[in-house]
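# Residue-level structure breakdown
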Amino acid sequence: MVPVIVTGAWAERMEFKAFAWFTLVWPFLVYYPLAHWIWNSNGWLAEIGVLDFAGGLTIHTSTGVAALVVSSILAGRMKAEAGAIGHHNLPMFVLGGALIWGGWYSFNAGSAFSANAQAAIATINTHLSASSGAAVWILLHYYTERKWALTEIMNGAFAGLAAVTPGSGFV
């Protein structure tokens, strides 16, 4: 599922055949080696002390870099007019965002592999980070644009979720 996160970088800019090839090849070239280096106790990154509680480095950093590379290589969106690109369906965006946000609690807390204090701390940290990210993002958006936008609240929450994930059980 990790390559699917990158798809936002090429929405309406890549053909399905290229997407299928990327989804098959990229994990073998990037994700699996990185996960092995960090999560295997004998991995070279683990041996130098790199910690990744719930996949923020292995998942979000690797997909973020991949998205940056892919979006810089691909041309603009196909058949899109400048300024006409927006969210296609706001209620579905918010519903999907709420499901992701809610599921993230289980993801981060579940990385403790037990219902213990570390799982509880991961849940609290996840909540605080997502809420803080949403609040700061919307305030900055309002400061620059002088308007409120629900999509910006969700974008801030996603940024907070991704930011806290590697250390959610450690801070």
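Residues numbered from 1 in each chain as written. Predicted model: local features only at pLDDT ≥ 70, side-chain atom pairs only at ≥ 80, totals over all residues. Heavy atoms only, no water.

## Let's talk about the overall build of the protein chain
Across its full length, the protein chain holds seven helices and zero strands. Traced from its N-terminal end to its C-terminal end, the protein chain shows the element sequence α-α-α-α-α-α-α. Looking at the protein chain as a whole, 35% of its 171 residues are labelled buried. Put simply, of all contacts in the protein chain between residues at least 6 apart along the chain, 64% involve residues at least 24 apart. Only carbon and sulfur atoms are counted for the fraction: they give 70% of the accessible area of the protein chain, which is about 10,400 Å². Counting 6 positive and 7 negative side-chain charges, the protein chain places the centres of these two groups 9 Å from one another. (Helix = DSSP H or I, 4+ residues; strand = E, 2+ residues; numbered from the N terminus. Buried < 20%, exposed > 50% of the residue type's maximum accessible area, 1.4 Å probe, protein only. Contact = heavy atoms within 4.5 Å. Areas by Shrake-Rupley, 256 points an atom, 1.4 Å probe, with all protein chains shown as cover. Lys, Arg positive; Asp, Glu negative; His and termini not counted. Charge placed at Lys NZ, Arg CZ, Asp CG, Glu CD.)

## A look at the nonpolar core
Proteins that are soluble and globular tend to have nonpolar side chains buried together. Formed by Val2, Val6, Ala9, Trp10, Phe22, Trp26, Tyr31, Ala35, Ile59, Ala66, Ala67 and Val70, the largest nonpolar core amounts to 12 residues. Elements with a contribution of two residues or more to this core: α2 (16–39) and α4 (56–73). The contact partners of Ala66, leaving out residues within four places of it in the chain, are Val6, Phe22 and Trp26. Among the nonpolar cores identified, the runner-up in size contains eight residues, and Phe93, Ala130, Ala134 and Met154 belong to it. (Core = buried A, V, L, I, M, F, W, Y, C linked by side-chain atoms within 4.5 Å.)

## A few points about the side chain of Asn125
Topologically, Asn125 is positioned in helix α6 (residues 117–145). Not counting the four nearest positions on each side in its chain, Asn125 is found in contact with Val164, Ser168 and Val171.

## Comments concerning the packing of aromatic side chains
Tallied over the full model, the rule gives nine aromatic pairs. Centroid distance Tyr142 to Trp148: 4.3 Å. Interplanar angle 15 degrees. Geometry classified as stacked. Counting every residue linked through ring pairs, the aromatic cluster contains Trp10, Phe16, Phe19, Phe22 and Trp26. (Phe/Tyr/Trp six-rings, centres within 6.5 Å; stacked < 30°, edge-to-face > 60°.)

## Some thoughts on α4
Its 18 residues place the ends of α4 24 Å apart at the C-alpha level, agreeing with the 26 Å of an ideal helix rising 1.5 Å per residue. Of the positions making up α4, those classed as buried are Gly56, Thr58, Ile59, His60, Ser62, Thr63, Ala66, Ala67 and Val70. Contacts from the buried residues of α4 go to α1 (2–5), α2, α5 (90–110) and α7 (150–164). (Expected span 1.5 Å × (residues − 1).)

## A word on unusual backbone geometry
For Phe113, which is not glycine, the phi torsion reads 60 degrees and is therefore positive. Its place among the elements puts Phe113 in the loop between α5 and α6. Positive phi is not limited to glycine here, since Arg146 has a value of about 60 degrees. Mapped onto the elements, Arg146 comes out in the loop between α6 and α7. For Arg146, a relative accessible area of 55% translates into the label exposed.

## A word on a nonpolar patch on the surface
Together, Trp21, Leu24, Val25 and Leu29 give the surface a local cluster of nonpolar side chains, amounting to about 460 Å² of exposed area. On the secondary structure map, Trp21 appears in helix α2. (Patch = residues over 30% accessible without salt bridge, like charges linked within 9 Å, V, L, I, M, F, W, Y side chains within 5 Å. Salt bridge = Lys/Arg side-chain N within 4 Å of Asp/Glu carboxyl O.)

## Looking at the confidence of the model for the protein chain
Taken residue by residue, the protein chain gives an average pLDDT of 89. The fraction at 70 or more is 92%. Within the protein chain, α6 carries the highest mean pLDDT (97), whereas α1 carries the lowest (82). (pLDDT = per-residue confidence, 0-100.)

## A few points about the side chain of Ser62
Secondary-structure assignment places Ser62 in helix α4. A polar contact is formed between the side chain of Ser62 and the backbone oxygen of Ile59, at a distance of 3.2 Å. Once residues lying within four places of it in the same chain are set aside, the contact partners of Ser62 are Trp26, Val30, Tyr31, Leu34 and Leu57. (Polar contact = N/O pair within 3.5 Å; in protein donor to acceptor, adjacent residues only side chain to side chain.)

## A short note on the environment of Tyr142
Tracing the sequence through the fold places Tyr142 in helix α6. The class of Tyr142 is partly exposed, set by a relative accessible area of 30%. Placed 114 residues apart in sequence, Tyr142 and Phe28 show a C-alpha to C-alpha distance of 42 Å.

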